[in-house]
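Read off the chains here:
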Amino acid sequence: MRIVTAEVLVTSPSRNFVTLRLTTDDGITGLGDATLNGRELAVASYLNEHVTPLLLDRDPHRIEDTWQFLYRSAYWRRGPVTMASIAAVDMALWDIKGKIAGLPVYQLLGGASRTGLRAYGHASGTDMPSLFDSIRHHLDAGYQSIRVQTAIPGIKAVYGVASQKQSSGQRYDYEPAGRGAFPQEEDWDTRAYLRHLPKVFDAVRNEFGPELPLLHDGHHRMTPIQAAKLGKALEPYDLYWLEDCTPAENQEALRLVRQHTTTPLAIGEVFNTVYDFQALIKEQLIDYVRAASTHFGGISPLKKIMDYAAQYQIKSGFHGPTDISPVGFAAQLHVGLAIHNYGIQEFMPQSQATNTVFEQNMSFVDGYLHPGDAPGIGVEYNDDAAKAHPYQRAYLPFNRLADGTVHDW
Ligand code: KDG
Ligand code: MG
């Protein structure tokens, strides 16, 4: 068996997606997600110019060999563009292998370790009543774990607060990347955030009681000592996790944070290789691995990092915003179903237009996700629907402090 075509498909149903489709000489197709929010065409170009020509005539069964060949033969290793490209190839090959075997990918990874995958949803509000409404809305929709993001007095728009207006005047809904020629500028004040957030969690616990698992995303904005202070301040509210409390590239920061707080820590949505997690796992500086199949080199390395993490009782919390396409999302559901050390899955539903382009088998019932039992990854690409949505330039926002300094977004 050999690969005869390799197509890079770019579509923008309500946001941009890059998908790789491989076809074998038997006519079996495999899909992989290569979406890198705000830098989509760099990955499309990397795939088109440097990867797809190498895939033709290769045996699609050789997933590990193809992964190692693409990783090592590039010489210039790692980085989000390279690893999203390799991820797409890896996923597409697992999809093909599953279709050949007539089995969903989770069966090839060892079979199901559970019946469903607990998911958390994104509640947010500009004030306490709207936040409570949003939490109730998520509970009514079946979510049994809730991420809480809130507006901060004095700050115009904050990551994750759906009802706020972006600087463009549009609602800051699920997708933070704004279509347009230039990234939108937002404002930020960490001291105001640190003063406000514990009050919000205090109110949420009083309203919803001690049982409900609550999560929060700090989105890389604190210094280590600020993150330590926040972790300590939130301890009475028993968070499931505090995510991305500091910028992820300074991994030593987590040592300092860990010395000061027992609030569980999750990090790694911007990591792209197992090496980024090496020290964090070995030194038990985190509790949850936030990698996403799409930005981490695919299904194969995601399974490997979770097997490594299992030795240290560290669990999964794979990144699942809408910039992980339905293909990448389903791919990591297969991993989550198979591994023993599953924790929780972030779930942000896609738009109707996206769900028309990507035909899926996934289900979400009573707060639990399942990738379905279709052979392979379980997602098909509707070319006709995709063609109606050409690429549109879009950028993630950036932050400036009151004195004009650029800050982590
Ligand atoms: O493209 C950026 C998003 O993936 C990111 O802002 C989402 O932090 C995020 C999350 O936890 O979902
Ligand atoms: Mg995050």
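Definitions and cut-offs
Within each chain, residues carry numbers counting from 1 in the order of the written sequence. Here every chain gets a letter starting at A, and every ligand a number starting at 1, in the order they are written. Thresholds applied to this predicted model are a pLDDT of at least 70 for local features of residues and 80 or more for the giving and counting of side-chain atom pairs; totals over whole chains, interfaces and linings are not thresholded and use all residues. Just so you know, side-chain values use all the structure's heavy atoms and leave hydrogens and water out. Fitting axes to the seven residues ending at a residue and to the seven starting there, one defines the bend at that residue as the angle between these axes. Secondary structure elements follow DSSP: runs of H or I no shorter than four residues count as helices, runs of E no shorter than two count as strands, and numbering proceeds from the N terminus. In this scheme, strands are said to pair when DSSP sees at least two bridges between them. A donor here means any N, O or S atom no more than 2.8 Å from the metal (3.2 Å for Na, K and Ca); water is not included, so a site may seem to lack partners. Accessible area is worked out with a 1.4 Å probe on protein chains only. A residue is then buried under 20% of its type maximum, exposed over 50%, and partly exposed in between. Under the rule applied, a polar contact is a pair of N or O atoms within 3.5 Å (in protein, one hydrogen donor and one hydrogen acceptor; residues adjacent in sequence only if both atoms are side-chain atoms). We call two residues in contact whenever any of their non-hydrogen atoms come within 4.5 Å of each other. A helix is expected to span 1.5 Å multiplied by its residue count minus one. Here a residue is considered near a molecule or strand provided that any single heavy atom belonging to it is located within 4 Å of it. Under the convention used here, a 1.4 Å probe and the Shrake-Rupley method define accessible areas, while residue burial counts only the protein chains that appear. All amino acids are sorted into three groups, where Ala, Val, Leu, Ile, Met, Phe, Trp, Tyr, Cys and Pro are nonpolar, Asp, Glu, Lys and Arg are charged, and the leftover types, Gly among them, are polar. Whenever Lys or Arg places a side-chain nitrogen within 4 Å of a carboxyl oxygen from Asp or Glu, that contact is recorded as a salt bridge. Stacked, tilted and edge-to-face pairs are distinguished by plane angle, under 30 degrees for stacked and over 60 for edge-to-face with tilted covering the rest, among Phe, Tyr and Trp rings (Trp via its six-membered ring) whose centres lie within 6.5 Å. Only C-alpha atoms enter the line fits that serve as axes; for helices the fit covers just the stretch in contact. Angles between N-to-C directions range over 0 to 180 degrees. Working definition: roughly parallel below 35 degrees, roughly antiparallel above 145 degrees, roughly perpendicular at 65 to 115 degrees, and oblique for all remaining angles.

Trainee: Just to check I follow, could you spell out helix H1 (residues 40–55) for this structure?
Mentor: An α-helical turn contains 3.6 residues, so any two residues separated by three or four positions project in the same direction. Of all the bends found along H1, the most pronounced is centred on Asn48 and spans about 40 degrees. After H1 finishes, the residue Asp57 shows a positive phi value of roughly 75 degrees.

Trainee: What's the story with the sheet that holds strand S19 (residues 398–400) in this structure? I'm lost.
Mentor: Backbone-to-backbone hydrogen bonds join strands into a sheet, with any given pair of strands oriented parallel or antiparallel. With mixed pairing, the three strands of this open sheet are ordered in space as S7-S19-S20. Both outer strands of the open sheet, strand S7 (185–187) and strand S20 (406–407), are each paired with one neighbouring strand and no more.

Trainee: What's the story with the coordination of the magnesium ion (ligand 2) in this structure? I'm lost.
Mentor: As a benchmark, a tetrahedral metal site with four donors has ideal angles of 109.5 degrees, while an octahedral site with six donors has ideal angles of 90 or 180 degrees. Those donors, Asp217 (OD), Glu243 (OE) and Glu269 (OE), are the protein atoms that reach the magnesium ion (ligand 2), and they lie 2.0 to 2.2 Å from it. Along the chain, the residues that donate to the magnesium ion (ligand 2) are spaced as D-x25-E-x25-E. Note that Asp217 is positioned in strand S8 (residues 214–217) and Glu269 in the loop between strand S10 (265–267) and helix H9 (274–282), a separation of 52 residues in sequence. Per residue, the accessibility class of Asp217 equals that of Glu269, and both read buried.

Trainee: How should the side chain of Ser85 be read in this particular structure?
Mentor: Here Ser85 is to be found in helix H3 (residues 80–101). Overall, Ser85 belongs to the buried group, its relative accessible area being 1%. For Ser85, the side chain forms a polar contact with the main-chain oxygen of Val81, separated by 2.8 Å. Setting aside its immediate chain neighbours within four residues, Ser85 contacts Val43, Tyr46 and Leu47.

Trainee: Hey, could you run me through the side chain of Asn16 in this one?
Mentor: For Asn16, the position within the fold is in the loop between strand S1 (3–11) and strand S2 (17–24). When its relative accessible area of 2% is taken as the criterion, Asn16 is described as buried. Of note is the side chain of Asn16, whose polar atom sits 2.8 Å from the side chain of Ser12. At 2.6 Å, the side chain of Asn16 forms a polar contact with the backbone oxygen of Gln392. Beyond its immediate stretch of four places on either side in the chain, Asn16 contacts Thr11, Thr35, Glu40, Tyr391, Gln392 and Ala394.

Trainee: I keep staring at H3 and nothing clicks. Help me out?
Mentor: For H3, which comprises 22 residues, the first-to-last C-alpha distance of 31 Å matches the rise-based estimate of 32 Å (1.5 Å per residue) to within 8%. Across the 22 residues that make up H3, a large majority, 16, are buried.

Trainee: What should I look at first to understand the site of ligand 1 in this one?
Mentor: Near ligand 1 lie 14 residues; those nearest to it are Asn37, His219, Glu243, Glu269 and Glu346. Contact between ligand 1 and Tyr159: an oxygen atom at 3.2 Å from a side-chain N or O atom of the residue. Here Glu243 contributes a side-chain N or O atom positioned 2.9 Å from an oxygen atom of ligand 1. Coverage of ligand 1 by the protein amounts to 94% of the 330 Å² it exposes when considered alone. For the shell around ligand 1, the class distribution of residues is four nonpolar, three polar and seven charged.

Trainee: Sorry if this is basic, but what is going on with the pattern of salt bridges here?
Mentor: Here the idea is simple: oppositely charged side chains can pair when their charged atoms come close. If you walk through the whole model with that rule in mind, you get 24 salt bridges. Residue Asp276 is joined to Arg78 by a salt bridge in which the shortest nitrogen-to-oxygen separation is 2.9 Å. Here Arg78 lies in the loop between helix H2 (63–73) and H3 and Asp276 lies in helix H9, a separation of 198 residues in the sequence. Owing to a relative accessible area of 35%, Arg78 belongs among the partly exposed residues under this scheme. Its salt-bridge partner being Asp287, residue Arg258 comes within 2.7 Å of it at the nearest N-O pair.

Trainee: How should the packing of aromatic side chains be read in this particular structure?
Mentor: The geometry of two aromatic rings is summed up by the distance between their centres and the angle between their planes. Within this structure, the stated rule accounts for 18 aromatic pairs. With 6.3 Å between their ring centres and 40 degrees between their planes, Tyr143 and Phe347 make a pair best called tilted. A residue pair is termed long-range when its members are at least 10 positions apart, and Tyr143 in the loop between helix H5 (128–140) and strand S5 (146–150) and Phe347 in the loop between strand S13 (345–346) and helix H12 (352–357) qualify at 204 residues. Take Phe347: its relative accessible area is 9%, and that puts it in the buried class. When the centroid spacing of 5.5 Å and the interplanar angle of 75 degrees are considered together, the rings of Phe358 and Tyr381 count as edge-to-face. Remark: Tyr381 occurs in strand S17 (residues 379–381) and Phe358 occurs in strand S14 (residues 358–360); sequence separation between them is 23 residues. Assigned by exposure class, Phe358 and Tyr381 land together as buried.

Trainee: Sorry, what's going on with the packing of H9 against helix H10 (residues 299–310) here?
Mentor: Between H9 and H10, the least distance of the axes is 10 Å, while the angle of their chain directions is 10 degrees. On the basis of their axis angle, the class for H9 and H10 is roughly parallel. For the pair H9 and H10, the contacting residues are Val274, Phe277, Gln278, Ile281 and Lys282 in the first and Pro301, Ile305, Tyr308 and Ala309 in the second. Grouping the constituent residues of the contact of H9 with H10 by class yields seven nonpolar, one polar and one charged.

Trainee: What should I look at first to understand unusual backbone geometry in this one?
Mentor: For residues that are not glycine, phi is negative in most cases, and the peptide bond is trans in most cases. Even without being a glycine, Asp57 presents a positive backbone phi close to 75 degrees. Looking at the secondary structure, you find Asp57 in the loop between H1 and H2. By relative accessible area, Asp57 is classed as exposed at 53%. With a phi close to 50 degrees, His219 is a non-glycine residue in the positive phi region. Position of His219 among the secondary structure elements: in the loop between S8 and helix H7 (224–234). Owing to a relative accessible area of 5%, His219 belongs among the buried residues under this scheme.

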